[in-house]
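Geometric and topological summary
For reference, the chains in residue letters:
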Amino acid sequence: MQAPAQLQDLRRMSARVGSNMLLVQGAGGNSSIKHGDVLWVKASGTWLSDAEAKDIFVPVCLSAAREALAQGDEGVPLAPHATTTLRASIETSLHALIPHSVVLHVHSVNTIAWAVRTDARDELAERMDGLAWHRLDYFHPGLPLAHALSDVIAQNPIDVLILGNHGLVVGAADCDEAEALVHEVEKRLSLAPRRPSAVDDQALRSICSGTDYRLPADPLCHSIATDRFSRAIATSGSLYPDHVVFLGPGLPILAEGQDLTAMTMHASAVGLSSPVSTLIPGIGAVIRADASPGAEAMLTCLALVTGRLPLSAEISYLSVENEQALLNWDAERYRRQLTADR
Ligand SMILES: [Zn+2]
């Protein structure tokens, strides 16, 4: 089917935004344009950073997507004559619902650092003053989130949405405006990261030697283990959905006196696979040798977010029910698989 000229703008903008680790990590985030009754939206499990190199957008029938949302139907109807084998993003209902021509959803780290806090609501409001914005509490992505949003946008015109324990959504008239708005919000919410301390690579390599673990690609990840505040936050629970999907709930810590082989054996004895990543307090983070690039990106995201949270911050974590809903969701299994196959 004929793609509109604006799709080229969307691809360029999405690739740029997707290549910025402070805005998007791995297969996270999504973007869309509306053209007549067609919503061109990112396909599930694809990476925004691939937007120019690959076909990552699928055409969805906009009126049918809105109807499905109203009926509580999770299925998303592709536009007539669409030939893709990809599935539309699990957030398609959110894109369909927002009236703006361009919708951009990112997991920007400064916004997330505010969106996981239960304190500082006044300071957040001050920083966002003058924008048409709203903060939503955490809702399971997909239909529950879209339903919560539909109540909000029925009452106010909103350009900027902060999703509790999740990220940022902006709506705009065109791609340049959407990208500029994301940068504007991130600038307003900007937090200085704590400096990571030096890491003893050699010590970590010898800890990993002969185990199923290796060093993560990004050395910044070690700060989650070496900065005691970041470590306390990371080991207390899960902050946002993609962490749970790609790394599992929270992050385990290697107990004193335990080694990685003993930890792996202990996990398998109780029928579990060994954790994707583990923190070794004061030394660094290790990641399973078979971890996907999506999991690597999520570990970097956690370092970027936790290292920006002030020491006094009161954090809200996802509940066990929230975590289980993400882990048992078929749509997320599909997305994880597609990311692993990238
Ligand atoms: Zn998201």
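Note that the structure is predicted; figures quoted are calculated from it, not measured.

**Here's the deal with the coordination of the zinc ion**
Taken together, His 105 (NE2), His 107 (NE2) and His 166 (NE2) make up the protein donors of the zinc ion, found 2.0 to 2.1 Å from the metal. Since its relative accessible area comes to 1%, His 105 is described here as buried.

**Details of the layout of surface pockets**
Considered as a void within the structure, the largest pocket measures approximately 600 Å³ in volume. If you trace the largest pocket, you find 26 residues lining it, with Ser 273, Ser 274, Pro 275, Val 276 and Arg 288 closest to the centre. Partitioned by chemical class, the residues of the lining of the largest pocket number 16 nonpolar, seven polar and three charged. Of the volumes computed, that of the second largest pocket is approximately 320 Å³. Lining the second largest pocket are 21 residues, with Glu 74, Val 76, Ala 88, Ser 89 and Ile 90 sitting closest to its centre.

**Observations concerning the domain arrangement of the chain**
Each assigned domain of the chain is listed with its residue range as follows: domain 1 (6-188) and domain 2 (201-341). For domain 1 and domain 2, the distance between their C-alpha centroids amounts to 26 Å. Taken together, the 29 residues of domain 1 in the interface contact 33 residues of domain 2. For the pair domain 1 and domain 2, the summed buried surface comes to about 2700 Å²; carbon and sulfur atoms form 66% of the total. Of all residues in domain 1, Arg 87, Ile 90 and Asn 165 give up the largest surface area on contact with domain 2, accounting jointly for 19% of the area buried on that side. Across the contact surface, domain 1 and domain 2 share zero salt bridges. Joining domain 1 to domain 2, the criterion identifies six residue pairs in polar contact (both at pLDDT 80 or more). When the residues that make up the side of domain 1 that touches domain 2 are grouped by side-chain class, the tally is twelve nonpolar, 13 polar and four charged.

The rules behind the values
- Residues numbered from 1 in each chain as written.
- Predicted model: local features only at pLDDT ≥ 70, side-chain atom pairs only at ≥ 80, totals over all residues.
- Heavy atoms only, no water.
- Donors = N, O, S within 2.8 Å, 3.2 Å for Na, K, Ca; no water.
- Buried < 20%, exposed > 50% of the residue type's maximum accessible area, 1.4 Å probe, protein only.
- 1 Å grid on protein atoms, 1.4 Å probe; cavity = no way out; pocket = protein on both sides within 12 Å on 5 of 7 lines; lining within 4 Å.
- Points joined across faces, edges and corners; volume = space filled by probe spheres on them.
- Nonpolar A, V, L, I, M, F, W, Y, C, P; charged D, E, K, R; others polar.
- Domains from an automatic or database assignment.
- Contact = heavy atoms within 4.5 Å.
- Buried area = accessible area lost by both parts, 1.4 Å probe.
- Salt bridge = Lys/Arg side-chain N within 4 Å of Asp/Glu carboxyl O.
- Polar contact = N/O pair within 3.5 Å; in protein donor to acceptor, adjacent residues only side chain to side chain.

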